[in-house]
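What follows is each chain in one-letter form.
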Amino acid sequence: MKAEPKQVHVSKEYAHGAPLINCRFDPKGQHVFATAEDRAIIRWTLADGKKAEFKAHDSWVRGLAFSPNGETLVTAGYDDTLVWWPANAEKPTPIRQIKAHAGWIRAIASSPDGKLLASGGNDRILKLWSLTDGKPVRQMTGHKLDIYSVMFHPDGRHILSGDLMGHVRQWEIATGKEVRKFDAKDLHTYNSGQKVHYGGVRSLAMSPDNKHLVAGGLYKGSNPLGAVNEPLVMRFEWESQKVLKKHISDGVKGVIWRTLFHPEGFLIGASGGSGGGYLLFWKTEKDKSFHKFKMPDTAREMDLHPDGIMLATVHWNKKLLLSKLAPKPKAEKKK
C-alpha cells in the first residue's frame, strides 16, 4: 500500500515583517523562498535559518521560478516586471529586469530543460522567454480573461495556461499553436448583481504518471465580494479530457491556491480564505479529502520540498510554516 499522511505537524516557522504571498523551495532543497506585501523576496536557509532579502520590485511579487540547477531565480510582480537574480548570492542584486506585460503578472514557470520561462497575467497573453538571457521567444493569444496559472508539460513539447474564465489551454511550444482546451468552467462564477467574474484556474498540476491533469480554484461563489466560496479541484484524464473527479472538502471555506502531487500519487492542496487555512489531501478515486490539516492562519500558497516530506506554507500572519508529513505505518504481518 502506498504511503499517505496519517498526520501532519508544524516543525518550524519563520517570521517576516509583512504578510506573505507565495513560497517555493529551490530545486536542491537548501533554501525556502517567500514573497511579501512589503515587496520583498525573502530567502531562508533551511540548515540554519539565516535570512536574506531581495529587493527590486515596485509592487507585490507573485511569481517564483528557478533554473534547474537552482543558481538563477526569476520573480514576477504586479509591477509588470520580471527580475532575474543570483539565487544563492549573499547580498543578491538583480541580473536583469524586463517590463514583460501590460498589467499584473500572475504566474510564471520554468521549463523542465531550463531553456524557457513562461509568464502570464492580466493582459491575457502567454509569453515565452529565454531563461538564460531573458530574450523574448514567442507569445500566445486566445484567453478571454486574465491568466492565473501556467505549467510546462513534462513532455517538453507543450505548455498549459489557466484563466479566470475556467479555461485551460494547451499550446505547442515550438509553434505557439493552441492544441486543445480543457473546460474547467466549474471554477468560474459571474455575479450579475455585483458585475464581477470570480474564481479562475488558480493552480495546475500533472500526476506523476502524466495521466491526470488537475485544476484548482473555488466554486459555490455565491457572494464574490464577500468571499463566500469553497475550494474545488477538478481532475481530468489527460488523453480524453474527461472530468474524472471533482475533489471537495466538506466544511472548508476558501480558495485552492496551489495543488501538487506527492511522488506517492496522492494530491495535496493548500486552501485559504474566510474559513482559515488548510492543507487538504485527496486520493485518486475519492471526491472528498481523506485528511484535513487546520493551519493557525489563512494560507496563501504552498510548496513541497524535494524530499517529499516537508511542506512550506505562507500566511497572512507574516509567517512561513514548515510542516512535515508522517507516512502511514506499514501493516504488521500476522503471525
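Residues numbered from 1 in each chain as written. Predicted model: local features only at pLDDT ≥ 70, side-chain atom pairs only at ≥ 80, totals over all residues. Heavy atoms only, no water.

1. Comments concerning the overall build of the protein
When its secondary structure is counted, the protein shows zero helices and 30 strands. On the principal axes, the C-alpha backbone points of the protein span a range of 65 × 50 × 40 Å. For the protein, with 335 residues in total, the buried portion stands at 59%. Summarising the internal contacts of the protein: among those between residues at least 6 apart in sequence, 47% fall at separations of at least 24. When the accessible surface of the protein is summed, it comes to about 14700 Å², and 49% of that surface belongs to carbon and sulfur atoms. Looking at charge distribution, the protein has the averaged site of its 51 positive side-chain charges lying 3 Å from that of its 35 negative ones. (Helix = DSSP H or I, 4+ residues; strand = E, 2+ residues; numbered from the N terminus. Buried < 20%, exposed > 50% of the residue type's maximum accessible area, 1.4 Å probe, protein only. Contact = heavy atoms within 4.5 Å. Areas by Shrake-Rupley, 256 points an atom, 1.4 Å probe, with all protein chains shown as cover. Lys, Arg positive; Asp, Glu negative; His and termini not counted. Charge placed at Lys NZ, Arg CZ, Asp CG, Glu CD.)

2. Structural notes on the sheet that holds strand 23 (residues 243–247)
The strands making up a sheet associate through hydrogen bonds between their backbones, and the pairing can be parallel or antiparallel. Across the sheet, which stays open at both edges, the four strands sit in the order 20-21-22-23 with antiparallel pairing between neighbours. The two strands at the open ends of the sheet, each matched to only one other strand, are strand 20 (203–206) and strand 23. Ignoring strand direction, the axes of neighbouring strands in this sheet form an average angle of 25°. As defined by bridge partners, strand 21 (residues 212–223) adjoins strand 22 (residues 228–237) across nine bridges and the pair is classed as antiparallel. Within strand 22, the residue paired with L213 across the bridge is F236. (Pairing = 2+ DSSP bridges. Axes fitted to C-alpha atoms, helices over the stretch in contact; angles between N-to-C directions.)

3. Re unusual backbone geometry
Positive phi is not limited to glycine here, since R39 has a value of about 80°. With respect to the secondary-structure elements, R39 resides in the loop between strand 3 (31–36) and strand 4 (41–45). Exposure remark for R39: the relative accessible area of 41% places this residue in the partly exposed category. In the Ramachandran plot, D80 falls in the positive-phi region, its phi being about 70° despite a non-glycine side chain. Structurally, D80 is set in the loop between strand 7 (72–77) and strand 8 (81–86).

4. Comments concerning the nonpolar core
In terms of nonpolar packing, the biggest core is built from 17 residues, with L160, V168, L204, L213 and A215 touching the most fellow members. Contributing elements (two or more residues each) for this core: strand 20, strand 21 and strand 22. If near-sequence neighbours (up to four positions away) are discounted, L160 is found in contact with S149, V150, M151, H153, V168, R169, Q170, F182, L204, L213 and W238. Residues L20, I42, M310 and A312 belong to the second largest nonpolar core, which totals 16 residues. (Core = buried A, V, L, I, M, F, W, Y, C linked by side-chain atoms within 4.5 Å.)

5. Some points on the packing of aromatic side chains
Evaluated as defined, the whole model comprises 10 aromatic pairs. The interplanar angle of 65° and the centroid separation of 5.2 Å between the aromatic rings of F33 and F66 together place this pair among those described as edge-to-face. Note that F33 is positioned in strand 3 and F66 in strand 6 (residues 61–66), a separation of 33 residues in sequence. Taking the relative accessible area as the measure of exposure, F33 reaches 0% and is therefore buried. Arranged with centres 6.3 Å apart and planes meeting at 45°, the rings of F281 and F290 form a pair that is tilted. Grouped by ring-pair contacts, the aromatic residues F33, F54, F66 and W85 constitute a single cluster. When the ring centre of W84 is taken as reference, the NZ or CZ atom of R96 above it lies at 5.3 Å. It is R180 that lies over the ring of W238; its NZ or CZ is 4.6 Å from the centre. (Phe/Tyr/Trp six-rings, centres within 6.5 Å; stacked < 30°, edge-to-face > 60°. Lys NZ or Arg CZ within 6 Å of the ring centre and 35° of its normal.)

6. Examining the side chain of S249
By secondary structure assignment, the location of S249 is in the loop between strand 23 and strand 24 (255–261). The exposure class of S249 is buried, given its relative accessible area of 3%. Within the structure, the side chain of S249 is placed 2.9 Å from the side chain of S289, a separation counted as a polar contact. Those residues within four positions of S249 in sequence are excluded, and the remaining contacts are L280, S289 and K292. (Polar contact = N/O pair within 3.5 Å; in protein donor to acceptor, adjacent residues only side chain to side chain.)

Don't take any of this as a statement about function, it's just geometry.
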